[in-house]
Every structure is written in C-alpha cells, then in structure tokens.
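As a plain string of letters, each chain reads:
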Amino acid sequence: MRLARAPRPSRAPYSPFERPFDMRRPVAALPIPEFVILLAIMVSTSALATDIMLPALDVMGLDLGVDDPNSVQLIVSSLFLGFAVGQALAGPLSDSFGRKPVIYGGYAIFTIGCFMSLFAGNWEVMIAGRVLQGFGAAAPRIVTMALVRDGYEGRAMARIMSIVMAVFILVPTVAPALGQAVIWLSGWRATFVVMIALGIFACLWFAARQPETLPRPARRPFSARSIGAGLREIMASHVAVGHTVALGLIFGVFLSYLSTAQQIFQVAYTTGPLFAVYFGMAALSIGGASVVNSLLVMRLGMRHLTRLALIGLAGLSFLFLIPAFAWDGTPPLALFMAWLILAFFFVGILFGNLTSIAMEPLGHIAGLGAALIGSLSNFIALPISFYIGHLFDGTIVPLVAGFGLMGLLGLGVVQWAGRERSTTRSRSGA
C-alpha cells in the first residue's frame, strides 16, 4: 500500500513587492542591493541638478545679467518650486496609473527643462527651465518613496530609506567637484548635458529592471473626489502632518545652506577651488549619519532617534553662536567646518526618519501620501530658505541661527505629533 504523500509545504511568504490580491501574477522584487542603488540614482536626479552648478552660480549670474548676488540663489530655489508642485501631481498619478509610467513622464519633462537651461539666453528662460527640471525630477524622487512603501513598512522601511540616503549622499559629495571640472573644460552650460545623460541612464535602467509594484486591482481612480478623500485622511493624522511640518522646517534651513554655500565658502572664507572639497566633507557627514541610522533604527526606533537629533541640532547651533559672534560672524574655517559636520550628522538622522514616520500610517495610499509629504515639506521649506538666504551678509550668523531655531521648532512639532500616538495607545490599553 502506498503511503499518502505529505502535503506540499506552503509557498514562501510574499516578496516585498508581492500582494495577496495579485496572487496570479506575483511581482518579483529586485535584489535589495540593486534596488537600493537604482533608487539612490533616481533620487539623485534632483541632487545633481542642485549641486553640480554651485561652483558657477556667480558666473551664471553675470552671464545672464543678474545684478544682486543674493538673487542668484533663485537658480537653486526655483528648482525646488517646480519640485514642490510636481510632487503634488506625481504621487496621485502613480496611485492611479502605476509607478512606472509616471516616472517615465517625469524624466521626459526633466530633460526638456535641461535643454531650456542649456540654451537659455536670458535670466527668465533659465529660471523657467529650472522650474521644469524640478517639476520633472519630482516624479522619480517621490515615486521611489512609494516604491519602498509598497514593499516595506515601519523600521524596515526606515532602514531601506537610510541605505538609499547613504548611497544618494555620494552625489552631493562629488557633484560640485564634477561640476567644477566640467565648467573648467566646457563652461557652465555643459553641466546640463551631464544632467541629461544621468536622467537617460537612470530611466533606461529603471525601465529594463524594475517591475511595476502597484498592480491594477490596487490602483485608485484619478479624480478630485478620490484625491480629496485621501487628503482629508492624511490631514486628520497628527503623525503624518506633524512630521511633515518638521521635515519642512529642517529642509528649509538646509536649502538655505545650499543656496548660500558658494557665497559662504568662496566669499566669506575665500576658499576658491577648494569650495568643492569643503562642500563634499559636509555632505559626507549626512551620508555617515544615514549609515549609522540604518544600524540603530531597528534597536532604538525612529521616534527616539528623531528627538535626540533635533535636540542635538538645536543645542549645538545655539551654542556655536557664541564663537560666531566672538569672531564678528566669521569664526575660523576649521571651527565652522566642525560645527557644519556635526549639524549635518543630525540632519542626516532626521531626513530618513521624519519621512518614514510621516509615511507610516499611509501605506494604503502610499503615492498620495508621499506626494503630500514631499510637496508640503517643500512649500514650507521655500519661504524659510528664501528668508534665511537673503539675510546673508558675509557672515555665517544667519545660517547658524536658522539651524538652531528650526531644530527647536521641529522638536516642538514632533512632540505635538507624538501626543496622538500616545493617546491611541492609552485608549487601546483601556
């Protein structure tokens, strides 16, 4: 008599990108190393567009007829204006039509904006091209957040985001040096050729290797009613709103640094060509923080690390105002770099964690949630960046005070957002 065959063992758990409602056509995830590197390159589109031309901002202003040196900062901030608007559309569109088509469209718009700036003959065309670049770059930047949220949540998501940020930070580390080399060889307009080449490369790699992570049954209709319902749900969450506002405050003062970095290093400290070296040293600190965060977040948790980083950023910056005033607003470069590296370490801890905490309650509307978080945080950041940047007076005092104040305000907002979670736990226990 034949023995009954043992039941076949159940299949392995779903891969991060596979969903129960799509059991007939499981979506295989990329290997995590390739997935992380691909996403890091895609989010680096906006970073490269920001940093590669920083060494040439003064020359670009002169060539395009800009008189006020502080107005040249618009070359940076206008990119993020388009970025903020683009995110508001990219997220909902990716929830309705899938992640991949929206990313393709974003890269197409980004390329058009690069060509406009490449051939710009006046200031207005340059700024219009920069706005389009930001609008297009929003799609790969924001939809990658939804890609991660499609497959991961909680601390695992924070870990993936931290690793992506660690790889991503290599771009602002080398971008000014790359830009300086390109400018020496071919002039500042050639930096836009480099941006076009990176966009095409990333888009082709994404198209060839990354599967669609949002199957048709999970897509939401693209309508004002659907978007409005999602927005109401998001705005009702203290966790999502509070951590998005805190992200905007920190990003605002960070953006003011990007806008004034060339003036600080080459005007206040007269570093000349070494500007790219000092800029890269500070950027490496953010990358190091992202690596540390990926190691600690599973043990200590996102919220605890976030509070510690905000306290450290605010305390360090207010303390550094003492030597800043003692040296009439321009302390020795070594002392300034020590403060900047430590401050950026705290910023690196905050970026990944604030985004992940804000996204945590929004897994079922990841695209729309990522859009609101990105768009709202950018709209909060832009006026902060514009105000602090235009306070530049040849010293570092406005920047240092801005980091301290935004860190303190961010801590208050995070504490407010944490009350909802504490109240929910208390009710559950009761």
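Residues numbered from 1 in each chain as written. Predicted model: local features only at pLDDT ≥ 70, side-chain atom pairs only at ≥ 80, totals over all residues. Heavy atoms only, no water.

Caption draft 1: Highlighting the side chain of S377. Here S377 shows up in helix 14 (residues 366-390). Separated by 2.7 Å, the side chain of S377 and the backbone oxygen of I373 make a polar contact. (Helix = DSSP H or I, 4+ residues; strand = E, 2+ residues; numbered from the N terminus. Polar contact = N/O pair within 3.5 Å; in protein donor to acceptor, adjacent residues only side chain to side chain.)

Caption draft 2: Focus on the pattern of salt bridges. Considering all chains together, one arrives at three salt bridges under this definition. Residues D95 and R99 are paired through a salt bridge, measuring 2.8 Å at the closest nitrogen-oxygen approach. The pair formed by D95 and R99 is uniform in burial state, with each residue classed as buried. The shortest N-O distance in the salt bridge between E360 and R303 comes to 3.0 Å. Taken together, the positions of E360 in the loop between helix 13 (333-359) and helix 14 and R303 in helix 12 (residues 302-326) put the pair 57 residues apart, joining distant regions of the chain. Note on E360: relative accessible area 29%, which makes it partly exposed. Residue R303 is classed as buried on the basis of its relative accessible area, which comes to 16%. (Salt bridge = Lys/Arg side-chain N within 4 Å of Asp/Glu carboxyl O. Buried < 20%, exposed > 50% of the residue type's maximum accessible area, 1.4 Å probe, protein only.)

Caption draft 3: Highlighting helix 1 (residues 32-51). Between its terminal C-alpha atoms helix 1 stretches 27 Å, which fits the 28 Å expected from 20 residues at 1.5 Å a residue. Maximum bend of helix 1: about 40°, positioned at T45. (Expected span 1.5 Å × (residues − 1). Bend = angle between axes of the 7 residues up to and from the residue.)

Caption draft 4: Here's a closer look at the confidence of the model for the chain. With 87% of its residues at a pLDDT of at least 70, the chain reaches an overall mean of 84. Across residues 1-28 the pLDDT falls below 50, and counting only partners more than four positions away or on other chains, this stretch makes 30 contacts in the model. Throughout residues 426-430 the model reports pLDDT below 50, and contacts reaching past four residues in sequence, or to other chains, amount to zero contacts. (pLDDT = per-residue confidence, 0-100. Contact = heavy atoms within 4.5 Å.)

Caption draft 5: How the structure looks around the packing of helix 11 (residues 275-300) against helix 12. It is the contact of helix 11 with helix 12, at a shortest axis distance of 7 Å, that shows an interaxial angle of 120°. By the criterion of interaxial angle, the relationship of helix 11 to helix 12 is oblique. In contact with N293, L296, V297 and L300 of helix 11, helix 12 contributes M302, H304 and L305. (Axes fitted to C-alpha atoms, helices over the stretch in contact; angles between N-to-C directions. Parallel < 35°, antiparallel > 145°, perpendicular 65-115°, else oblique.)

Caption draft 6: Focus on a nonpolar patch on the surface. Nonpolar side chains collect at one region of the surface, where F318, L405, L408 and L409 lie side by side and expose about 340 Å² of accessible area between them. Among the elements that line the nonpolar patch, the one with the most residues is helix 15 (residues 397-429), at three residues. Structurally, F318 can be placed in helix 12. (Patch = residues over 30% accessible without salt bridge, like charges linked within 9 Å, V, L, I, M, F, W, Y side chains within 5 Å. Areas by Shrake-Rupley, 256 points an atom, 1.4 Å probe, with all protein chains shown as cover.)

Caption draft 7: Fine view of unusual backbone geometry. Even without glycine at this site, T270 takes up a positive phi of about 45°. One non-glycine residue, D328, lies in the positive phi region at around 55°. Mapped onto the elements, D328 comes out in the loop between helix 12 and helix 13. For D328, a relative accessible area of 69% gives the class exposed.

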